[in-house]
Amino acid sequence: MAGDGPTLTNLVGVLALQGAFGLHVDALDALGVESKLIRVESDLAGVDRLIIPGGESTTMSMMLDRNDLREPLAARIGDGLPVFGTCAGMILLAVDVSDGRADQVGFSAVDIGVRRNGYGRQNQSFTTELPVPVLDAAIPAVFIRAPRVERVGDGVDVLAKLDGDPVLCRSGSVLVSSFHPELSQDRRLHRYFCDLN
Ligand code: GLN
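So, a few notes on the structure that sits alongside this text.

Calculation notes
Residues numbered from 1 in each chain as written. Predicted model: local features only at pLDDT ≥ 70, side-chain atom pairs only at ≥ 80, totals over all residues. Heavy atoms only, no water. Helix = DSSP H or I, 4+ residues; strand = E, 2+ residues; numbered from the N terminus. Contact = heavy atoms within 4.5 Å. Areas by Shrake-Rupley, 256 points an atom, 1.4 Å probe, with all protein chains shown as cover. Lys, Arg positive; Asp, Glu negative; His and termini not counted. Charge placed at Lys NZ, Arg CZ, Asp CG, Glu CD. Near = heavy atom within 4 Å. Polar contact = N/O pair within 3.5 Å; in protein donor to acceptor, adjacent residues only side chain to side chain. Nonpolar A, V, L, I, M, F, W, Y, C, P; charged D, E, K, R; others polar. Salt bridge = Lys/Arg side-chain N within 4 Å of Asp/Glu carboxyl O. Pairing = 2+ DSSP bridges. Axes fitted to C-alpha atoms, helices over the stretch in contact; angles between N-to-C directions.

Counting secondary structure elements, the protein contains five helices and 12 strands. With the C-alpha coordinates of the protein rotated into their principal frame, the extents come out at 40 × 40 × 35 Å. Sequence-distant contacts, at least 24 apart, represent 66% of the contacts inside the protein between residues at least 6 apart. Within the structure as shown, the protein displays about 8,400 Å² of accessible surface, and the carbon and sulfur contribution to it stands at 47%. The distance from the centre of the 18 positive side-chain charges to the centre of the 26 negative ones in the protein is 4 Å.

In structure tokens form, the structure reads like this:
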């Protein structure tokens, strides 16, 4: 798995304002994919893909403004930059957010509605083997205060479901997961993202 095959990716930016960005870097390293931490606009130079990690979407929203990163990132995403949002990253990319904070603003890049913490609190975290047909495999999926997808718009493909609810969705070059793929050693979803075009 790790390091197998060619990749179309040159340089993956990993938003590093807050949260679990380091483990995404580790996953990309394991695949032999180059990555770069993104904290300010100039970091975006040369990046041709972006991961928005899990963590706390309200804090990341605030930091996007504090670091003057919201507009340049929105522009790149609007231009079709492939983006993978995991957990809090999914929340930041969703069109509708329930149980969010009033001052929390995202990128509205994928037409889904999510409920923050829709899978319960920290102590209700769980891991499951999730069948993902596009990977032709089941992968370990870790849910921690995860967003629950409550609405899926036209043009959004549901790539995996858990108990009937979408947990992995794709809309064009935007991929979002309710769970944390970087918390397992299985790199197949990162590989899928790196080969997305
Ligand atoms: N519930 C968190 C939020 O609202 C997301 C949790 C996570 O990324 N593990 O941002």
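Here the narrative resumes.
This part is about the environment of S171. Along the chain, the position of S171 falls in strand 11 (residues 165-171). Each C-alpha atom of the pair S171 and A94 lies 11 Å from the other, and the pair is 77 residues apart in sequence. Those residues in contact with S171 that sit more than four places away from it in its chain are V110, G155 and V156.

Right, let's talk about the site of the ligand for a bit. Lining the immediate surroundings of the ligand are G54, G55, E56, S57, C87, A88, I91, R116, N117, I144, R145 and H180. One of the side-chain N or O atoms of N117 is found 2.5 Å from a nitrogen atom in the ligand. In the model, a nitrogen atom of the ligand is placed 2.8 Å from a nitrogen or oxygen of the H180 side chain. In the complex, the protein chains occlude 98% of the 300 Å² of accessible area that the ligand would expose alone. For the shell around the ligand, the per-class residue count stands at four nonpolar, five polar and three charged.

Attention now goes to the pattern of salt bridges. Once their charged atoms are close, side chains differing in charge can pair, the charge on each being opposite to the other. This structure, assessed with the given rule, holds 11 salt bridges. Of the charged contacts, one joins R148 and D165 as a salt bridge, the two residues approaching to 2.6 Å between their closest N and O atoms. Highlighted residues: R148 in strand 9 (residues 148-152) and D165 in strand 11, separated in sequence by 17 residues. Bridged by salt links that share partners, the residues E56, R116 and R145 form one connected network.

Here the focus is the sheet that holds strand 1 (residues 12-15). One open sheet holds the seven strands; their spatial order is 2-1-3-4-12-11-10, and the pairing between them is mixed. Taken across any chain shown, the strands that pair with only one partner, and hence form the sheet edges, are strand 2 (35-38) and strand 10 (157-162). Neighbouring strand axes in the sheet, compared pairwise and without regard to direction, differ in orientation by 20° on average. Strand direction decides the pairing type here: strand 4 (residues 83-86) and strand 12 (residues 174-177), joined by four bridges, are parallel. Paired with G85 across the strands is V176, a residue of strand 12. Strands in contact with helix 1 (residues 21-31) are strand 1, strand 2, strand 3 (49-52) and strand 4; relative to strand 1, the strand with the most contacts, it is inclined by about 160°.

These figures capture arrangement, not role.
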